Amino acid sequence: MTPLEIFEKIAKDIPRCSKNKEPMRDFIVSWAKNAGYTVQTDDMDNILCQKNKPRICLQSHYDMVCVGDVNPIKPIIKDGWMSAENSSLGADNGIGVAMMLAFMEHFVDVEFLFTSDEEIGLIGAKNMGLRISSNKVLNLDSEEEGAIYVACAGGIDISATREYETASVDGDFYEISLKNLPGGHSGVDIDKKIPNAVIELAKALKSKKALIASFCGGEKRNSIPANASAIACLRDIDGLDEFEIKPCDKKNIIDKSAEFLEMISAAPNGVFEMDFELGIPESSANLGLISLGNGKCALTYSLRSMKLREMNNYEEELGSYLSEFGYTVSKNDFYEPWEWSADEFCIFVKSIYKKYFLNANFKAIHAGLECAALKKHFRDASFASVGPNIEYPHSLKERVEIESVNKTYEAIFEILRQA
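These notes cover the structure that comes with them. Nothing here was measured: the structure is a model prediction, and the numbers come from that model. (Residues numbered from 1 in each chain as written. Predicted model: local features only at pLDDT ≥ 70, side-chain atom pairs only at ≥ 80, totals over all residues. Heavy atoms only, no water.)

**Focus on a nonpolar patch on the surface**
A cluster of nonpolar side chains, namely Val 271, Met 274 and Phe 276, defines an oily patch on the protein surface of about 300 Å² accessible area. Summarising the element assignment, Val 271 is placed in strand β18 (residues 270–275). (Patch = residues over 30% accessible without salt bridge, like charges linked within 9 Å, V, L, I, M, F, W, Y side chains within 5 Å. Areas by Shrake-Rupley, 256 points an atom, 1.4 Å probe, with all protein chains shown as cover. Salt bridge = Lys/Arg side-chain N within 4 Å of Asp/Glu carboxyl O. Helix = DSSP H or I, 4+ residues; strand = E, 2+ residues; numbered from the N terminus.)

**Here we look at the nonpolar core**
Counting residues in hydrophobic clusters, the biggest one holds 61 residues, and the most contacted among them are Leu 58, Phe 112, Phe 114, Leu 138 and Ile 412. Leaving out residues up to four positions away in the same chain, Phe 112 has contacts with Tyr 37, Ile 47, Leu 48, Cys 49, Leu 58, Met 100, Phe 103 and Met 104. (Core = buried A, V, L, I, M, F, W, Y, C linked by side-chain atoms within 4.5 Å. Buried < 20%, exposed > 50% of the residue type's maximum accessible area, 1.4 Å probe, protein only. Contact = heavy atoms within 4.5 Å.)

**A few points about the sheet that holds strand β24 (residues 390–391)**
Pairing within the open sheet is antiparallel, and its four strands lie in the order β4-β5-β25-β24. Two strands in the sheet have a free side with no partner beyond their single neighbour: β4 (75–78) and β24. Two strands pair when backbone bridges link them, and strand β5 (residues 81–84) and strand β25 (residues 399–401) are joined in this way by two bridges, in the antiparallel orientation. Across the sheet, Trp 81 pairs through a bridge with Glu 401, a residue of β25. Sitting on the sheet, helix α10 (residues 402–418) is in contact with β4, β5 and β25, with an inclination near 55° to β25. (Pairing = 2+ DSSP bridges. Axes fitted to C-alpha atoms, helices over the stretch in contact; angles between N-to-C directions.)

**Details of the side chain of Ser 284**
Structurally, the position occupied by Ser 284 is in strand β19 (residues 280–293). For Ser 284, a relative accessible area of 0% corresponds to the buried category. Looking at Ser 284, its side chain comes within polar contact range of the side chain of His 366, at 2.8 Å. Apart from the residues lying within four places of it in its own chain, the contact partners of Ser 284 are Ser 186, Ile 190, Gly 270, Val 271, Phe 272, Ser 302, Leu 303, Arg 304 and His 366. (Polar contact = N/O pair within 3.5 Å; in protein donor to acceptor, adjacent residues only side chain to side chain.)

**Thoughts on the pattern of salt bridges**
For the coordinates displayed, the defined rule picks out 22 salt bridges. Here Glu 259 makes a salt bridge to Arg 162, at a shortest N to O gap of 3.4 Å. On the criterion of sequence distance, the pair formed by Glu 259 in helix α6 (residues 257–265) and Arg 162 in strand β9 (residues 154–163) is long-range, its members being 97 residues apart. Classification of Glu 259 as partly exposed rests on a relative accessible area of 29%. Residue Glu 414 is joined to Arg 417 by a salt bridge in which the shortest nitrogen-to-oxygen separation is 2.6 Å. A residue pair is termed a helical-turn pair when its members lie 3 or 4 positions apart in one helix, as Glu 414 and Arg 417 do in helix α10 at three residues. We classify Glu 414 as buried; its relative accessible area is 14%. Residue Arg 417 is classed as exposed on the basis of its relative accessible area, which comes to 52%. Here the salt bridges do not stand alone but share partners, grouping Lys 21, Arg 25, Asp 26, Asp 45 and Asp 117 into one network.

**Observations concerning the state of the cysteines**
In total, this model carries one disulfide according to the counting rule given. Sulfur-sulfur distance for the disulfide between Cys 17 and Cys 66 comes to 2.0 Å. The S-S bond linking Cys 17 to Cys 66 shows a torsion near -105°; that makes this disulfide left-handed. Of the two residues, Cys 17 is situated in the loop between α1 (3–13) and α2 (22–34) and Cys 66 in the loop between β3 (56–61) and β4; the sequence distance between them amounts to 49 residues. (Disulfide = S-S within 2.5 Å.)

Shown next as structure tokens:
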């Protein structure tokens, strides 16, 4: 079967939303055993398939972001692209999985590592309990043909909490909302000057010397907030035309409204430094979530850097900033950056790719790839990441270019043959 035929079967027949691992896990295990591979799994349901002495490892994650009606996914082919009817397609990273399954019938000296729950925090890769035998890993989770990814940002979530005293005041109360800003990914979109709804609302309320009763904003910890709202006591609402404003009932306010709004307005946010050689941000932060109600406030930052030392420095600076405002700070979901290294394996991959893609070149991404997490477990291995053209992943518009899948498959086949 071709990779696209395998992918269509997976899409139509096998549920694989994150956290729903069993059906896809069992399918991969059965497929590999039927192909004569020895199969190992770990406590995270990562899967390692081996035969003979492996020279190279292929790796993909087998979960997907499920959006819309995915029961079942209904693939559609139009104008050279495959998409899905009223749902995400799962080409991220189902195409990589399908390629790996297709390669099993052609090679005996390649090992195959399938990781679980990547889409909800690189869970399988971070907690890897398996050990590969080869010292070269080719990840198939990139989404641009011809691109050879050789570096990605590390990340850490900074959470902070504090309680404020509350009091009753007289005055006019309003619900003030900022809605439907562009939003975006807190890594790959952080340099696009997309406004952060949380910060924009805080700045506006600070200018009005608002007294804050509640404040919430953001959609996911790793996205630039598109929406934010607050309940506040205001002397007037002049100059707030871009906001949605509704009168509301009186609420208790926090005792340090000015300080609270100052903290958010002046918070470290956006790109700190650029890596001009790679053409991407080197370090950044994003205030992704905030919730203040009944005096209790919790917020989450997503901090990223292409270099471990810089990430540690900015983590300390951000923690100190929040602590100065009386917040208790904690760290979550840390993963190291995959730092740039043009080693022999990457150069070899590029030499093969140049035969198939004239513009083949090294790239890096200011977001997390599993290579960063896996590098921690496989210190002696060299990594590269490739894949076909996939557009709008994690959305109803997700699609994959058919010819790009075929061409990428041929290029990877040649890499495996020569590795």
